[in-house]
Amino acid sequence: MNERVEGIELPRPRSAETQAAKWQRARSRTDAHYQSQLLDSVQESLIGTNLEGEVTYWGRGAEQLYGYSAEEVIGKSVTFIVQPDEEHVERERMRQVFETGSWKGVYQQRRKDGTIFWASTIISLVTDESGKPTGFIGIDIDITDQKRAREELDQLNLAIENAMQGISRLDREGRFVMVKPQYAQMLGYRPEELLGQSWTVTVPADSEPLAREGYEAMLRDGRTTLECGALRKDGSVFFKQLLLVKSYDELGRHDGHYCFMSDVTKRKQAEIQLREKESQLAHISRLSTMGELVAGIAHEINQPLYSIANFAAVAEKKLEAFDDQLGESLRELNQLIAQQAVHAGEIIKRLRAFVGKTDGVRSPLDMNAVVRDAVAILAPLVHSTNASIGLELSSSPVVVHADRVQLEQVVVNLVRNALEAVADRELRSITVRTSLAGSTVQVAVEDTGTGVSKDEKEKLFDAFFTSKSTGLGMGLSVSRTIIEAHGGRIWATDRPGGGLILQFTMMSSL
C-alpha cells in the first residue's frame, strides 16, 4: 500500500510492513502457547475433535482420567471412550451438538484398562471467527463416587420411608422434631400432628414408668431396646418394640435421640397364646395321666363290689330261714344292696371303657344305647348340679357304623357342656334327642343355659376356645374332629326361649 500526501502517492517503507507481520505472528504464537498452557492446567478432562469426531486435542486431565496419552489417541475417532454398543449414541450426541450448539448429560465412559465409570459431560460446538463450525470440545468429570453415594442415599431414604419400623427423632426435652410417615401412621397421626409434642402422648399411663426407665438406659449406655404399650390417637393400645439411640450435634454435644418403633402386637399375642396352650397341654397331660389312674382305680374298686355282691348272695341264702316279717324286710334290703352293687359295677365298667384306649375299630352301634350309656356315666355330675336330663329317643332303629368309645365321648362332651351351661340357672333342664330322617341319624342336646353370642358360636368348635373361666376348650373341638372323621357334621343353634342346641348328624348304617 502507498501513502497519499497532498495528492501524491508515496511508497510505504517495506521494513514497516514486515515488522507488523512479524509482531502479529509472534502474538499468535504467544496466544496459542498461552491457551495450551491454560488448557493443560485444567484438572478436568478436556477433549477436542474435528467435525468428523476425530481427536484433535487430548489434555492432561484426559490422560489421567482415561489412561491414554495424547500420542495414542490424536487422529482416532473419539468413540473409543464409550461402550461399543453405544458408539451410535455418541455420534447422535455430536449431531445434536452440531444442531443446538451444546449438550449436557451423564453417561458411562470406558478407560484404557477397560474399567467403566460414570461421567458428567458437557460438549460444545467450536467455531472460527466467522462463526463456521470447526469441531467439538468436551469436558468430562468422573462422578462415579458421587453417583454411587447418591444411589445409596436414595435407597436408604426409600428404605426408611417404606420400613416396617417407624422412625422419629426427639430433642433433649423429649419433643418430636422429626416424624416419618410410617411412625405417625402406626399411632394414628399425621406426621405434622406429632411435631413439637412430648413422647408421653404416645404411651399409656401404665407403660410410662417402663418407657422412662428405657430413656434413662439410653442416656447412660447410648442406646437401648424395650417393649411397652403404645397409645394411638383414638385411645386404642398396641404393643411396641423400641430402639432408642442417643444423637449428637456437629460439635459432639447430646441433642436428643432417635426412636425406631415396631408394632409387635401379633408377636405378643402369639406369645400369650403359646403360654396359654402350654398350660392347657400340661392340663391335658394331667388328664391323660388321670385317665390311666381312673382305669386302675376302677379295676381295684371292682374287687370290693364283687365281694359285696357275693356277700349279698350269701346273706340272701341265710335269710331264707327267716319267714317272719323281719326276715322279709331284711331280704328286701339285701336285694337292694345287691342291685346297687351291680349298678356300681356297670358304672365302673362304662368308665373304664370310656377312659381306656381305643383301637379305632368301627362296628354297627345303636345310637339310643350310646346316649343312655353316656348319660349314665355323667350321673354323678347330673346329681351334683341338681339338673334334670330328659331322653327323647327315636322309636325307629338309629344305627350308625362307628367307634363306640369315640362316639360315646362325643355325647359325653355335649351333655357335659350343657350341664356347665345350666349350672347357675334357675331352670336346669337338658334334653337329649335322637331321630332318623331318611338315611341320616341326628342327635341333639338342648339346654336352658345362657347361650352364646354370634362371635362365640363361630368359634365354639375351635381348639382351646372356651367361654368359661375354668374351661379347657378341647371338648367340642375333639367332638368335631371325631364326627367329621366319621363323615358327619356338628353345629350349634340358638334354642328358642334361651339356651343352646348342640347337634350332629351321621349316616345310618341300615
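The following paragraphs examine the structure supplied in this document. (Residues numbered from 1 in each chain as written. Predicted model: local features only at pLDDT ≥ 70, side-chain atom pairs only at ≥ 80, totals over all residues. Heavy atoms only, no water.)

As for the side chain of Thr144
Here is step 1: Note on placement: Thr144 falls in helix H5 (residues 144–162).
Here is step 2: A polar contact of 2.9 Å, which involves the side chain of Thr144, links it to the backbone nitrogen of Trp118.
Here is step 3: When residues no more than four places from it in sequence are discounted, the contact partners of Thr144 are Phe117 and Trp118. (Helix = DSSP H or I, 4+ residues; strand = E, 2+ residues; numbered from the N terminus. Polar contact = N/O pair within 3.5 Å; in protein donor to acceptor, adjacent residues only side chain to side chain. Contact = heavy atoms within 4.5 Å.)

Here we look at the pattern of salt bridges
Here is step 1: What the rule picks out here adds up to 21 salt bridges.
Here is step 2: Two residues, Glu227 and Arg267, come together in a salt bridge whose shortest N-O distance is 2.3 Å. A residue pair is termed long-range when its members are at least 10 positions apart, and Glu227 in strand S10 (residues 223–231) and Arg267 in helix H9 (residues 265–319) qualify at 40 residues.
Here is step 3: The closest approach of N and O atoms between Arg433 and Glu392, which form a salt bridge, is 2.7 Å. Taken together, the residues Arg433 in strand S16 (residues 429–437) and Glu392 in strand S14 (residues 388–392) connect sequence positions 41 residues apart.
Here is step 4: The class of Arg433 is partly exposed, set by a relative accessible area of 28%.
Here is step 5: Each of the salt bridges in this network shares a partner with another, and the network as a whole consists of Arg190, Glu192, Glu193 and Lys233. (Salt bridge = Lys/Arg side-chain N within 4 Å of Asp/Glu carboxyl O. Buried < 20%, exposed > 50% of the residue type's maximum accessible area, 1.4 Å probe, protein only.)

Overview of the sheet that holds strand S5 (residues 102–110)
Here is step 1: Across the sheet, which stays open at both edges, the 5 strands sit in the order S4-S3-S7-S6-S5 with antiparallel pairing between neighbours. The sheet terminates laterally at strand S4 (55–58) and S5, the two strands that pair on one side only. Geometrically, the sheet is characterised by an average inter-axis angle of 25° between neighbouring strands, direction not taken into account.
Here is step 2: Judged from the 9 bridges that link them, strand S6 (residues 116–127) and strand S7 (residues 133–142) form a sheet pairing that is antiparallel. (Pairing = 2+ DSSP bridges. Axes fitted to C-alpha atoms, helices over the stretch in contact; angles between N-to-C directions.)

Looking at the nonpolar core
Here is step 1: If you look at the biggest cluster of nonpolar residues, it comprises 37 residues, and the most contacted ones within it are Met367, Val400, Leu407, Leu414, Leu502, Phe504 and Met506.
Here is step 2: Listed by contribution, the elements that provide at least two residues to this core are helix H11 (367–377), strand S15 (399–402), helix H13 (404–422), S16, strand S17 (440–447), helix H15 (475–485), strand S18 (489–494) and strand S19 (500–507).
Here is step 3: Here this core gets 9 residues from one element, more than from any other, and that element is H13.
Here is step 4: Apart from the residues lying within four places of it in its own chain, the contact partners of Phe504 are Met367, Leu407, Val410, Val411, Leu414, Val441, Gln442, Val443, Ile483, Arg489, Ile490 and Trp491.
Here is step 5: Membership of the second largest hydrophobic core comes to 22 residues, among which are Val179, Met186, Val203 and Cys228. (Core = buried A, V, L, I, M, F, W, Y, C linked by side-chain atoms within 4.5 Å.)

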